[in-house]
Amino acid sequence: MFRALRPVLARPSATVRTCVLLVLLAATGIAILELVREQTGTPGFFVGLGLALLPVAPLMAAFRWLGRAAPAPWPQLLFCFGWGACTAALIAILANNFATEWIAAATADPSGADHLGSIAIAPVVEESAKAAALLLVFVFRRRHFTGPADGFVVAGFTATGFAFTENILYLGNAFVQDLADGTGVLDSVTAATFFVRIVLSPFAHPLFTVLTGLGFGAAAVSARRSRRVGLPLAGLALAMGMHALWNGSSQFGDDGFYVMYVCVMVPLFGLLVWLAVRIRHRRLRAVAGELALYAAAGWLTPAEVPALASMPARSLARALARRSGGRAAGRAVARYEADAAALALLRNRARRGGALREADFAGQERELLHRLWERRATAGPALARAAVMEELLPPWFDPLAPASAAEVPPPRREERWADPREDRRKGRREGRRQEARGARRPDPSLRRSDPWTPATPAGPSSIRPCVLPGGDGVR
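Residues numbered from 1 in each chain as written. Predicted model: local features only at pLDDT ≥ 70, side-chain atom pairs only at ≥ 80, totals over all residues. Heavy atoms only, no water.

Our focus in this paragraph is the packing of aromatic side chains. Counting across every chain of the model gives 14 aromatic pairs. When the ring of W74 is compared with that of F157, the centres are 6.1 Å apart and the planes differ by 80°; the resulting orientation is edge-to-face. Here W74 is found in helix α4 (residues 74–107), whereas its partner F157 is found in helix α6 (residues 148–181), with 83 residues between them in sequence. Here the aromatic cluster, defined as three or more aromatic residues joined through ring pairs, consists of F203, W246, F257, Y258, Y261 and F269. Over the ring of F138 we find R142, and its NZ or CZ is 4.1 Å from the ring centre. (Phe/Tyr/Trp six-rings, centres within 6.5 Å; stacked < 30°, edge-to-face > 60°. Helix = DSSP H or I, 4+ residues; strand = E, 2+ residues; numbered from the N terminus. Lys NZ or Arg CZ within 6 Å of the ring centre and 35° of its normal.)

Structure follows, in structure tokens:
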């Protein structure tokens, strides 16, 4: 009995891990709410809560837009937001207060302790606490962490949650101070804090943590173990450095904050926006290139490929499905689009990373292909119609034509597209030779599917096995 329980005790199931994380988030959420309410008072807490909510939806929408090419599950994103708002914020408040009080007691200089804590302690503690969410997703949800885009999105949601709780604290304290001083609205500390934190720099915390996320994203597509360890640490160190520089801007004089904002933060923000758009376009190109192979093998129609590589066409396909089949049809098309993108990125990642990086490629491919086949009758026509309406196909193209009748990109010289009938004839001849030598004939169903050799996709028994063209070369 103990031997049977040993694997369960050694590696908890996904349900157990989920329950533990939910309990942790709930406990830290209750603790951080009570802690912030004690520091700001009940009126300050509700004022800070209302004002801090304003930038949350735009930031979440922006990061969600970046990840729409291969969307991550909403529960995962909400976990990251909750981790930043509850667990990471609680760790940061407790650790920062403890460190500041210890430095003040050791140096007998409370003002110097505050400055040192904001520059040397807070960046390390806060960025490490936020990076813990990225590490959990990277380790336990690796299938949904496929590259820099996923690092961007996960880091953005985590940092948005952290900034939300921090803004409640700052705005609530400012409101309490204004009540005590009796200042007007325009001259109040609350208005100044709102302008700096909500209007000027709502992206500050996401900007820092995105650097860590890019490190994890680069590690996810790296084949070298040293890079998989070193790149996240390098991203975390860079995030800490930028955070410390931002917190120390007030030490550069009265205009230090604005100089830092204009000369460093705005250019870095623009650079990251440009990088996010470029990552999104590259991901869509990878989806188009890999799905073309599956379309040539018969798993998709040629009209679906340009539609799946275009975000407007995807949105239109979902709308068309909802109009004709209701919400259930719209959800089926959305899941079909997500599975198709995941399949394309799985194959693309396996091509670049090698066999050791995707040891279970065949199993994941079969699972995704099976899910696509289940929803193909609903999603295929909607995507084909969307491709026509978005003018993604030439005028003479028939979106209902079978894959064999459509034009597909010609193979490279070193790649030959196998004919299934020729494969069967060769298999029979090889089997007769092996029988003549006394060898046992291999079972074709045990043929391994991977992105470097021609694959035999899994599917319903009525479907003829297909050979993926171009699968024997590294692109």
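Where charged atoms of side chains with opposite charge meet at close range, the side chains can pair. Across all of its chains, the model carries 11 salt bridges by this definition. The shortest N-O distance in the salt bridge between R143 and E367 comes to 3.4 Å. Here R143 is found in the loop between α5 (110–140) and α6, whereas its partner E367 is found in helix α13 (residues 361–389), with 224 residues between them in sequence. On the accessibility criterion, R143 (43% relative accessible area) is partly exposed. With a closest N to O distance of 3.3 Å, D339 and R375 form a salt bridge. (Salt bridge = Lys/Arg side-chain N within 4 Å of Asp/Glu carboxyl O. Buried < 20%, exposed > 50% of the residue type's maximum accessible area, 1.4 Å probe, protein only.)

What follows is about a positive patch on the surface. Taken together, the side chains of R278, R282, R285 and R352 define a basic patch exposed on the protein surface. Counting residues per element, the positive patch draws most heavily on helix α10 (residues 256–296), at 3 residues. Within the secondary structure layout, R352 lies in helix α12 (residues 311–353). Overall, the relative accessible area of 49% leaves R352 in the partly exposed class. (Patch = residues over 30% accessible without salt bridge, like charges linked within 9 Å, V, L, I, M, F, W, Y side chains within 5 Å. Areas by Shrake-Rupley, 256 points an atom, 1.4 Å probe, with all protein chains shown as cover. Lys, Arg positive; Asp, Glu negative; His and termini not counted. Charge placed at Lys NZ, Arg CZ, Asp CG, Glu CD.)

Packing of α6 against helix α7 (residues 189–200) leaves a shortest axis separation of 8 Å and a crossing angle of 160°. Here α6 is positioned roughly antiparallel relative to α7, judged by the angle of their axes. Read as a crossing pair, α6 and α7 show a hand that is right-handed. Facing α6, whose interface residues are E166, N167, Y170, L171, A174, F175, Q177 and D178, α7 presents V189, T190, T193, F194, R197 and I198. Split into classes, the residues belonging to the contact of α6 with α7 amount to 7 nonpolar, 4 polar and 3 charged. (Axes fitted to C-alpha atoms, helices over the stretch in contact; angles between N-to-C directions. Parallel < 35°, antiparallel > 145°, perpendicular 65-115°, else oblique. Left-handed = near helix turned anticlockwise from the far one by under 90°. Contact = heavy atoms within 4.5 Å. Nonpolar A, V, L, I, M, F, W, Y, C, P; charged D, E, K, R; others polar.)

The next thing to look at is the environment of A303. Structurally, A303 can be placed in the loop between α10 and α11 (304–308). Sequence separation between A303 and V388 is 85 residues, and the spatial gap between their C-alpha atoms is 8.2 Å.

Looking now at the packing of α5 against helix α8 (residues 204–220). For the pair α5 and α8, interaxial distance at closest approach is 10 Å and the crossing angle is 35°. Classified by chirality, the crossing of α8 by α5 is right-handed. Seen from α5, the contacting residues are E126, E127, K130, A131, L134, L135 and F138; seen from α8, they are H205, F208, T209, T212, G213, F216, A219 and A220. The residue inventory of the contact of α5 with α8, partitioned by class, reads 8 nonpolar, 4 polar and 3 charged.

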